[in-house]
Amino acid sequence: MSNFVFKLPDVGEGIAQAEIVAWHAEIGQEIQEDEPLVDVMTDKATVEITSPVSGRILSRHAEVGVMASIGSELVVIDTGGKAEASAGEPVPAPASAPAKPSKAPAKAAQAPAPAAAPAAVSSPPAAPAGSGKVLAAPAVRARLAALGLDGSKIHGSGPEGRIEHADLDDYLTRSQPQTMPSARPARPPVPPPPAFGDDGIEDIKVIGLRRQIAERMLEAKRSVPHFTYVEEIDVTALEAARTEINTAAVGWPKLTLLPFLIKAMVRGIAQHPIVNARYYAEAAVIHRYNAVHIGVATQTPRGLVVPVIRHAEMLTLHQLAAEIAKLSELARAGKASREVLTGSTITVSSLGALGGIAATPIINPPEVAIVGVNKIVERPVVKDGQIVVAKLMNLSSSFDHRIVDGFDAAAFIKTVKGELEAPVRLMV
């Protein structure tokens, strides 16, 4: 028997440690070379690490949620004397065993933040029997198994022929567009309500993206002196214009409230540029930007992420709508790259119909402002001495009081309010 000690490899960009977020092999399980072994998360990306050798897992030295240092032991694999050194050490190593060149077992995933995984995650089945060895990420192999497809018949465009989601989508479109079953897995059955008097407690580890969110929110509230300003907006005319445009512009992206709000924010920033800035306290410097890169806070199954619309000042309403839809889909599918999730100069947050009456949104440092959208409600108001029904919405916005004075914040929101209440101006 020959044991191979596999250590956490250098995943690049000067990272000293990474969090274990998912294991794809259990103790005692057989694993093949290049099969997914473990997912780790750095502060920049999620990395899928594959096994450098074939063999049986004897032990694991870091469980889900643990921050492991680069070079620390991850697993010991019984290779049956067939180990090839790549990122670990054979124990014991035969004296005459020649050293073989290093392989790169770590492969960066597309998504910057996976869902938190339970402590033990079994690798999903590869492909139907007879398909041969399939190089693919766990999610892709799960889709292959759910569809009953032979992975060896699908050309992979990834590194070393690895099958990507796009390859599978292309195969489904070209081969059997009308007869293939849906790739979306069936929803799990709704669990029954707990029995009366059930005092059970579920422990949920705060790991992965959820831990990063918790740390960033705590740091934001601790380091930034927030103040929140709430303004009521009459969106009666805007909603009528939006409905009319969507009815007439068949085939164009549907306009929600957000494209209009972003347009109004761009107009407001032109008059009050201090809100479109970042503040770096240690260097005591403010970076005020000419370009408007708006982060759109998006809820996903893995937690809150903020994809960025770049150069919003250059886009039309329909271009903004298309960009919002595209980025939201990438974020919810876990495919948004690090470049998509960084670089915002101001953020907008919307809870849609769940928006409530008011909120106190938390700033995304080093930005100095965030605009929050509350829900639209119909209420009676007095106009020109008459009681009429209007559609009203609150904007709840927070600002970094070190940089943005109360007058500047109020003036900025006042400009946004004026643009939203006269929506024809936003179309010019």
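Residues numbered from 1 in each chain as written. Predicted model: local features only at pLDDT ≥ 70, side-chain atom pairs only at ≥ 80, totals over all residues. Heavy atoms only, no water.

A. Highlighting the overall build of the chain. Scanning the chain for helices and strands turns up seven helices and 19 strands. Of all 428 residues assigned to the chain, the portion counted as buried reaches 44%. Intrachain contacts of the chain at a sequence separation of at least 6 include 66% that bridge at least 24 residues. Of the roughly 22400 Å² of accessible surface on the chain, 57% is carried by carbon and sulfur atoms. (Helix = DSSP H or I, 4+ residues; strand = E, 2+ residues; numbered from the N terminus. Buried < 20%, exposed > 50% of the residue type's maximum accessible area, 1.4 Å probe, protein only. Contact = heavy atoms within 4.5 Å. Areas by Shrake-Rupley, 256 points an atom, 1.4 Å probe, with all protein chains shown as cover.)

B. Spatial organisation of the packing of aromatic side chains. Scanning the entire structure with this criterion turns up two aromatic pairs. Both rings, one in Phe-399 and one in Phe-412, keep their centres 6.5 Å apart while their planes meet at 90°; by these two values the pair is edge-to-face. Within this pair, whereas Phe-399 is found in strand S19 (residues 386-400), its partner Phe-412 is found in helix H7 (residues 406-421), the two being separated by 13 residues in sequence. For Phe-399, a relative accessible area of 0% corresponds to the buried category. Take Phe-412: its relative accessible area is 0%, and that puts it in the buried class. Each member of the aromatic cluster is reached from another via a ring pair, and the members are Phe-227, Phe-399 and Phe-412. (Phe/Tyr/Trp six-rings, centres within 6.5 Å; stacked < 30°, edge-to-face > 60°.)

C. Structural detail: the pairing of strand S5 (residues 46-50). S5 sits mainly inside the fold: five of its five residues count as buried. Residues Thr-46, Glu-48 and Thr-50 line one face of S5 and the alternating positions Val-47 and Ile-49 line the opposite face, and both faces are buried. Bridging between strand S4 (residues 36-41) and S5 involves five bridges; their strand directions are antiparallel. From the neighbouring strand, Pro-36 faces S5, where its bridge partner is Thr-50. (Pairing = 2+ DSSP bridges.)

D. Summary view of the environment of Asp-170. Looking at where Asp-170 falls in the secondary structure, it is placed in helix H2 (residues 165-175). For the pair formed by Asp-170 and His-155, sequence separation is 15 residues and the distance between their alpha carbons is 9.8 Å.

E. Structural view of the pairing of strand S8 (residues 73-78). Taking burial as the measure, the six residues of S8 include five buried ones, the bulk of the element. Note: strand S1 (residues 3-7) against S8, five bridges, orientation antiparallel. Opposite Lys-7, over in S8, you have Glu-73 as the bridge partner.

F. Representation of helix H3 (residues 208-223) in the model. The end-to-end C-alpha distance of H3 is 23 Å, a good match for the 22 Å that 16 residues give at a rise of 1.5 Å each. Looking at the packing, one finds that the buried side of H3 touches strand S2 (17-23), S4, strand S7 (67-69), strand S11 (226-234) and strand S15 (303-305). (Expected span 1.5 Å × (residues − 1).)

G. Examining helix H6 (residues 317-332) more closely. With 16 residues, H6 extends 22 Å from end C-alpha to end C-alpha; this agrees with the ideal 22 Å at 1.5 Å per step. Where H6 is buried, its residues contact helix H4 (236-248), helix H5 (257-271), strand S14 (294-300), S15 and strand S16 (308-309). Just downstream of H6 lies Gly-334, where phi reads positive at about 75°.

H. Seen up close, the pattern of salt bridges. Within this structure, the stated rule accounts for 13 salt bridges. Arg-242 is paired through a salt bridge with Glu-239; the nearest N and O atoms lie 2.9 Å apart. Of this pair, Arg-242 and Glu-239 both sit in helix H4, three residues apart, which is roughly one turn of that helix. On the basis of relative accessible area, Arg-242 is assigned to the buried category, the value being 18%. Classification of Glu-239 as buried rests on a relative accessible area of 11%. Across the salt bridge formed by Arg-425 and Glu-419, the nearest N and O atoms sit 3.6 Å from each other. One salt-bridge network, held together by shared partners, links Glu-26, Arg-60 and Glu-63. (Salt bridge = Lys/Arg side-chain N within 4 Å of Asp/Glu carboxyl O.)

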